[in-house]
Amino acid sequence: MGEAVVSTQSTGIIDSQKQYTGPEKQDSAKAPAMNQAARQKERNLVKKEIDQLRVGIQTLASSAAPLGKVLDYLQEDLDSMQKELENWRAENRYHDTAIK
């Protein structure tokens, strides 16, 4: 009688294990497909972000070139204005001494 109880309990435990591990195996079979879908989705998101970044960099580069030219002209203009100021100061000194 004791053996029958142990055998019934072992069978019950084995059945419980099968029920418990059954869905897990099914989930593990679905996991690679879900994993692959998640990876593909992540790749698409990364590709989209890279494309947006590329467009932003191209816009920045196309805007920076004219800005560089403006800064070059600005330096030339500042140099010209400095020379003109020196000329006016020299002329002012000349006329100031002429008046005295």
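Remember, it's a predicted structure, so these values are computed and weren't measured experimentally. (Residues numbered from 1 in each chain as written. Predicted model: local features only at pLDDT ≥ 70, side-chain atom pairs only at ≥ 80, totals over all residues. Heavy atoms only, no water.)

### Quick word on the overall build of the protein
Then, in step 1: Summing up its helical and strand segments, the protein has one helix and zero strands in all.
Then, in step 2: Going through the 100 residues of the protein one by one, you find that 0% of them count as buried.
Then, in step 3: Summing over all exposed atoms, the protein offers an accessible surface of approximately 9400 Å²; the carbon and sulfur share of this is 59%. (Helix = DSSP H or I, 4+ residues; strand = E, 2+ residues; numbered from the N terminus. Buried < 20%, exposed > 50% of the residue type's maximum accessible area, 1.4 Å probe, protein only. Areas by Shrake-Rupley, 256 points an atom, 1.4 Å probe, with all protein chains shown as cover.)

### Things to note about a negative patch on the surface
Then, in step 1: A cluster of acidic residues, Asp72, Glu76, Asp77 and Asp79, forms a negative patch on the protein surface.
Then, in step 2: The residue Asp77 is located in helix H1 (residues 2-99) in this model. (Patch = residues over 30% accessible without salt bridge, like charges linked within 9 Å, V, L, I, M, F, W, Y side chains within 5 Å. Salt bridge = Lys/Arg side-chain N within 4 Å of Asp/Glu carboxyl O. Lys, Arg positive; Asp, Glu negative; His and termini not counted. Charge placed at Lys NZ, Arg CZ, Asp CG, Glu CD.)

### Some points on the pattern of salt bridges
Then, in step 1: For the coordinates displayed, the defined rule picks out two salt bridges.
Then, in step 2: The partner of Asp51 in a salt bridge is Arg54, with the nearest N and O atoms 2.9 Å apart. With Asp51 and Arg54 both in helix H1 and three residues apart, the pair spans about one turn of that helix.
Then, in step 3: Look at Asp51 and you get partly exposed, because its relative accessible area is 33%.
Then, in step 4: Note on Arg54: relative accessible area 44%, which makes it partly exposed.
Then, in step 5: Residue Glu86 is joined to Arg89 by a salt bridge in which the shortest nitrogen-to-oxygen separation is 3.8 Å.

### So, the confidence of the model for the protein
Then, in step 1: Summary statistics for the protein give a mean pLDDT of 81 and a share of 69% for residues scoring 70 or more.
Then, in step 2: Every residue in residues 1-6 is under pLDDT 50, and counting partners more than four places away or in other chains gives zero contacts. (pLDDT = per-residue confidence, 0-100. Contact = heavy atoms within 4.5 Å.)

### Description of a nonpolar patch on the surface
Then, in step 1: Together, Leu67, Val70, Leu71, Leu74, Leu78 and Met81 make up a nonpolar patch on the protein surface, roughly 560 Å² of accessible area in all.
Then, in step 2: Looking at the element boundaries, Val70 is found in helix H1.

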